[in-house]
Amino acid sequence: MKILVTGATGYIGKRIIPLLIEQGHTVVCAVRGKLRTEKKYNDEHNVQVIEVDFLNKNTLKNIPKDIDAAYYLIHSMSNSVSKFQEMEKECAVNFKFAVQQTQCKQVIYLSGITNDTKLSKHLLSRQNVEKALQSSTYALTVFKAGIIVGSGSSSFEIIRDLVEKLPVMIAPKWLNTKTQPIAIRDVLSFLTKSLGDQRLYNTSHDIFGPEILTYKALLLRFAKARNLKRSIITVPVMTPNLSSYWLYFVTSTSYKLARTLVNSMGVEIIGKPSNINTLLDIKPINYDQAIKLAFKKIEQNSILSSWKDALVSSRQKKRVSTKYINVPEYGCFKDIKERKVKNEERTFAKICAIGGENGWYYGNTLWKIRGYLDKLFGGIGLRRGRTNKHTIKTGDALDFWRVLLADPEHKRLLLFAEMKLPGEAWLEFKVENGKVFQRAIFRPKGLAGRLYWYSVLPFHGLIFNGMINKLANA
């Protein structure tokens, strides 16, 4: 079949596309910016990448008319965007309008479990999206999941941060809320096995693992799986704001995502039993098995997708675009360096491995201090690291940078700063003609921006010289 996948650069989208290709389908990836899609898909004869923004009706014409089915995987966890629910509904309405103009027979929507009588703003929005997607021209299949456990998922990474960083946790009372986690492997099985299954047309099913656990139990079981001794003390005095700041400072999540999660964690996420497991012959694995599989992927350095690479983890509200890729030349402060290299390939490989656990090759303590300061003032800090230790792709998060362009063919890497700054900053590396070029560019905003540049100039001289020397000698 010809399948439209929305949210193709998201956590679920990146994982389902290879499965659909493997099954022999033709996949149409709907993205807001083509730069963030996997370059390997350019060589796939049965993959088509189209630019569509479902908040912009003018782009809907890019959707092919001959699609047979579609996945609706568009979600937002932003807490700062005004009229959030209206925007999600508008996306769904525009998607529905566009798909109704095609020959699509089935739309599969991944939502959240919404059985509690008191739902958070985001779970209510998921419910409203489901209503908006219902149509008389195609069949709607809805799967509702709770916490998804898998390498790179926001839930998994937050639990991992808490367990690995804190021997003793003084935690909010919402840790006693019950939930029903499900492995990412099983979520993908439900999504792919339901494709074209007419028994599931116009149906909705909760999907969940075999265990009902409190968030406290999730943390303690995770600790046990990692052979760590942990103690948790729950206190009733933490307000949602305090809880959000607690998550923000301890884990790799952004504050707006922490706030969203805290609001949702007061809601019990328990699925309603149905015959869906029997219908699709799926037996969901338990929480311990899901953790084991996730760490197997991490140890093999084969994480397919991470929530950190989604723009929800950043300060940048706009998509990666030519506005940022075309680095400004005027009205900017610049630090430009070049060195002869011993080996072009090795130097570029080292550039592509920069950041995260690999560090920045020189002055790592100073980088860490800059990360702590950024976090202190409400920024991202160095918490996100990188998804893969050795490879990097356009759109990836890289500590407090975003990868605007990773171009192995022309040996160029361009990063855009997502830390708190009184201006905009880029860091560019390029290898050509036996040399490595390194450019740090800062476009200041007002007097504060200019004062900032001159205050960090001595550190730049130290760090950037050391960094390019290490790269040149790779």
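Please refer to the structure placed before this passage.
Now for a quick tour of the structure. All residue numbers here refer to positions counted from 1 along the written sequence of the relevant chain. Confidence filtering applies because this is a predicted model: local features only for residues at pLDDT of at least 70, side-chain atom pairs given and counted only at 80 or more, and all residues used for totals across whole chains, interfaces and linings. Only hydrogens and water are set aside when side-chain values are computed; all heavy atoms of the structure are taken into account.

Following both chains from N to C, one finds helix α2 (residues 84-100) and helix α3 (residues 121-133) inclined at 20 degrees, their axes separated by 9 Å at the closest point. With respect to α3, the element α2 is oriented roughly parallel. Where α2 crosses over α3, the two elements pack in a sense that is right-handed. Between α2, through Phe84, Gln85, Glu88, Lys89, Ala92, Val93, Phe95 and Lys96, and α3, the contact on the second element is made entirely by Lys121, His122, Leu124, Ser125, Arg126, Val129, Ala132 and Leu133. Axis lines are fitted to C-alpha atoms, over the contacting stretch for helices. Their N-to-C directions set the angle, which ranges from 0 to 180 degrees. By the criteria applied, helices consist of DSSP H or I runs no shorter than four residues and strands consist of E runs no shorter than two, each listed in order from the N terminus. In these notes the angle categories are as follows: under 35 degrees is roughly parallel, over 145 is roughly antiparallel, 65 to 115 is roughly perpendicular, and the rest is oblique. For any helix crossing, the convention is left-handed if the near helix is rotated counterclockwise from the far helix by under a right angle, and right-handed if that rotation is clockwise. Residues count as neighbours in contact if any of their non-hydrogen atoms are within 4.5 Å of one another.

What follows concerns a nonpolar patch on the surface. There is a patch of nonpolar side chains on the surface, built from Ile369, Leu373, Leu376 and Phe377 and spanning about 430 Å² of accessible area. Take Leu376: it is sitting in helix α13 (residues 364-376). A relative accessible area of 58% means that Leu376 is categorised as exposed. Patch building starts from residues that exceed 30% relative accessible area and form no salt bridge, then joins like charges within 9 Å and nonpolar side chains (Val, Leu, Ile, Met, Phe, Trp, Tyr) within 5 Å. Each accessible area value is a Shrake-Rupley result obtained with a 1.4 Å probe; residue values ignore everything except the protein chains displayed when judging cover. For this analysis, a salt bridge means a side-chain nitrogen from Lys or Arg found within 4 Å of a carboxyl oxygen belonging to Asp or Glu. Remark: exposure states derive from per-residue accessible area (1.4 Å probe, protein chains only) relative to the maximum for the residue type, with buried under 20%, exposed over 50%, and partly exposed in between.

Time to look at the packing of aromatic side chains. Pairing of aromatic rings covers Phe, Tyr and the six-membered ring of Trp, with a centre-to-centre limit of 6.5 Å; geometry is then stacked below 30 degrees between planes, edge-to-face above 60, and tilted otherwise. Counted under the stated rule, the structure contains 16 aromatic pairs. Ring centres of Trp360 and Trp401 lie 6.5 Å apart, and the angle between their planes is 45 degrees; on these two criteria the pair is classed as tilted. Remark: Trp401 occurs in strand β16 (residues 401-407) and Trp360 occurs in the loop between α12 (344-352) and α13; sequence separation between them is 41 residues. Each ring, one from Phe416 and one from Trp426, has its centre 5.4 Å from the other, and the planes form 65 degrees; the classification is edge-to-face. In this pair, Phe416 is assigned in strand β17 (residues 412-417) and Trp426 in strand β18 (residues 423-432), connecting sequence segments 10 residues apart. The class of Trp426 is buried, set by a relative accessible area of 1%. Members of the aromatic cluster, connected to one another through ring pairs, are Phe333, Phe442, Tyr452, Trp453 and Tyr454. A ring has a charge above it when a Lys NZ or an Arg CZ is no more than 6 Å from the ring centre and no more than 35 degrees off the ring normal. The side chain of Lys350 reaches across the aromatic face of Tyr361, ending 4.9 Å from its centre.

As a further point, take the packing of helix α4 (residues 154-165) against helix α6 (residues 215-225). One can describe the packing of α4 onto α6 by two numbers: an axis separation of 10 Å at closest approach and a directional angle of 70 degrees. Comparing the axis directions of α4 and α6 gives the class roughly perpendicular. Regarding α4 and α6, the two cross each other, and that crossing is right-handed. Along the contact surface, α4 presents Phe156, Ile159, Arg160, Leu162 and Val163, while α6 presents Leu218, Leu219, Phe222 and Ala223.

With parallel pairing, the seven strands of this open sheet are ordered in space as β3-β2-β1-β4-β5-β6-β11. Looking at strand neighbours, the two that pair on one side only are β3 (47-51) and β11 (203-207), the edges of this open sheet. Going across the sheet, the axis of each strand differs from the next one's by a mean of 20 degrees, ignoring polarity. Two strands qualify as a pair provided DSSP detects at least 2 bridges between them. Pairing of strand β4 (residues 69-72) with strand β5 (residues 106-112), which is carried by four bridges, proceeds in the parallel orientation.

Another aspect to go through is the side chain of Thr394. Counting through the fold element by element, Thr394 comes out in the loop between α13 and β15 (397-398). Under the relative-accessibility criterion, Thr394 is labelled buried at 9%. N or O atoms within 3.5 Å of each other form a polar contact, as long as, within protein, one can give a hydrogen and the other can take it, and as long as residues adjacent in sequence are counted only when both atoms are side-chain atoms. At 3.0 Å, the side chain of Thr394 and the backbone nitrogen of Ala406 are in polar contact.

Buried residues dominate strand β2 (residues 26-31), accounting for five of its six residues. Alignment of strand β1 (residues 2-6) against β2, held across five bridges, turns out to be parallel. For Ile3, the partnering residue across the bridge sits in β2 and is Val27. If the strands point away from the viewer and the path from the first strand over the helix to the second runs clockwise, then the crossover is right-handed. Note on the crossover from β1 through helix α1 (residues 11-22) to β2: the handedness is right-handed. Where β2 lies against β3, five bridges are found, and the strand directions are parallel. What sits directly across from Val27, in β3, is Val47.

Per the counting criterion, the structure on display carries 17 salt bridges. Salt-bridge contacts for Lys2 lead to Asp66; the nearest nitrogen and oxygen are separated by 3.0 Å. A residue pair is termed long-range when its members are at least 10 positions apart, and Lys2 in strand β1 and Asp66 in the loop between β3 and β4 qualify at 64 residues. Given a relative accessible area of 17%, Lys2 falls into the buried group. Salt bridges sharing common partners tie together Arg160, Glu164 and Arg226.

Tracing the backbone shows Ile463 in helix α14 (residues 446-472). For Ile463, a relative accessible area of 9% translates into the label buried. Residues Ile463 and Trp360, spaced 103 residues apart in sequence, show a C-alpha to C-alpha distance of 9.0 Å. Setting aside anything within four residues of it in sequence, one finds Ile463 in contact with Tyr362, Leu366 and Trp367.

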